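# Descriptive analysis of the structure
Here are the chains, one letter per residue:
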Amino acid sequence: MSVPLDSPALALRAAIHAALVADVALVALLGAPRVHDVPPGDADFPFVTLGEAVVADWSTATEAGAEQALTLHVFSRSGGRAEAFAIAARLQAALHDAALTLEGHRLANLRATTAEVRRESDGRTFHALVRFRAVTEPV
């Protein structure tokens, strides 16, 4: 995926996607590298989507930077919360303090902040929200 050099959010998303589809333990939990920006309408469960990103200026008087709050979503229909929690935990383990390479930016830090699992209104889908905070700097 080609990422515009001036987009720290897109650069971070591309690096996260690459790291997750290469994570053997995560792919084993998902049954395939089912990590999507936008999932297909007929996506197999379980799967992960790259969700919302809030980007804020994190510049100092001498250095440019961006703070990002990113949410990853896990969708499971295994009949309980256990699968969604396991995948959420793997996402946290795979990305917390990861040394990802971003196109056009340097990742100063990436930290898992929260995870929650809820049942969707259909009664059979469990949805985990896994939140991260990142700070990036242009190179």
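Our subject is the structure listed above.
All of the points below concern the structure found in this document. (Residues numbered from 1 in each chain as written. Predicted model: local features only at pLDDT ≥ 70, side-chain atom pairs only at ≥ 80, totals over all residues. Heavy atoms only, no water.)

## With respect to the pairing of strand 4 (residues 105–119)
- Of the strand pairs in this sheet, strand 4 and strand 5 (residues 126–138) are connected by 13 bridges, and their pairing is antiparallel. Paired with Arg-118 across the bridge in strand 5 is His-127.
- Between the end of strand 4 and the start of strand 5, which pair antiparallel, lie six residues, with Gly-123 showing a positive phi angle near 80°. (Pairing = 2+ DSSP bridges. Helix = DSSP H or I, 4+ residues; strand = E, 2+ residues; numbered from the N terminus.)

## Side note on helix 3 (residues 82–95)
- Between the first and last C-alpha of helix 3 there are 20 Å, a value that for 14 residues agrees with the 20 Å anticipated at 1.5 Å per step.
- Looking only at helix 3, the buried set comprises Ala-84, Ile-87, Ala-88, Leu-91 and Leu-95. On an axial view of helix 3, the arc spanned by its buried residues comes to 100°, and they lie on one face. Those residues of helix 3 that are exposed and aimed more than 90 degrees away from the buried face are Ala-82 and Ala-93.
- Contacts made by the buried residues of helix 3 are with helix 1 (8–21), helix 2 (24–30), strand 2 (47–57), strand 3 (66–76), strand 4 and strand 5.
- Phi for Asp-97, located one or two positions after helix 3, is positive at around 60°. (Expected span 1.5 Å × (residues − 1). Buried < 20%, exposed > 50% of the residue type's maximum accessible area, 1.4 Å probe, protein only. Arc of directions from axis to C-beta. Contact = heavy atoms within 4.5 Å.)

## A word on the environment of Glu-67
- Position of Glu-67 relative to the elements: it lies in strand 3.
- Looking at Glu-67, the relative accessible area reads 22%, which means it is partly exposed.
- With 42 residues separating them in the primary sequence, Glu-67 and Asn-109 have C-alpha atoms 9.6 Å apart.
- In this structure Glu-67 touches Val-54, Val-55, Ala-56, Trp-58, Arg-133, Ala-134 and Val-135, once residues within four positions along its chain are discounted.
- A polar side-chain atom of Glu-67 sits 2.7 Å from a polar atom in the side chain of Arg-133. (Polar contact = N/O pair within 3.5 Å; in protein donor to acceptor, adjacent residues only side chain to side chain.)

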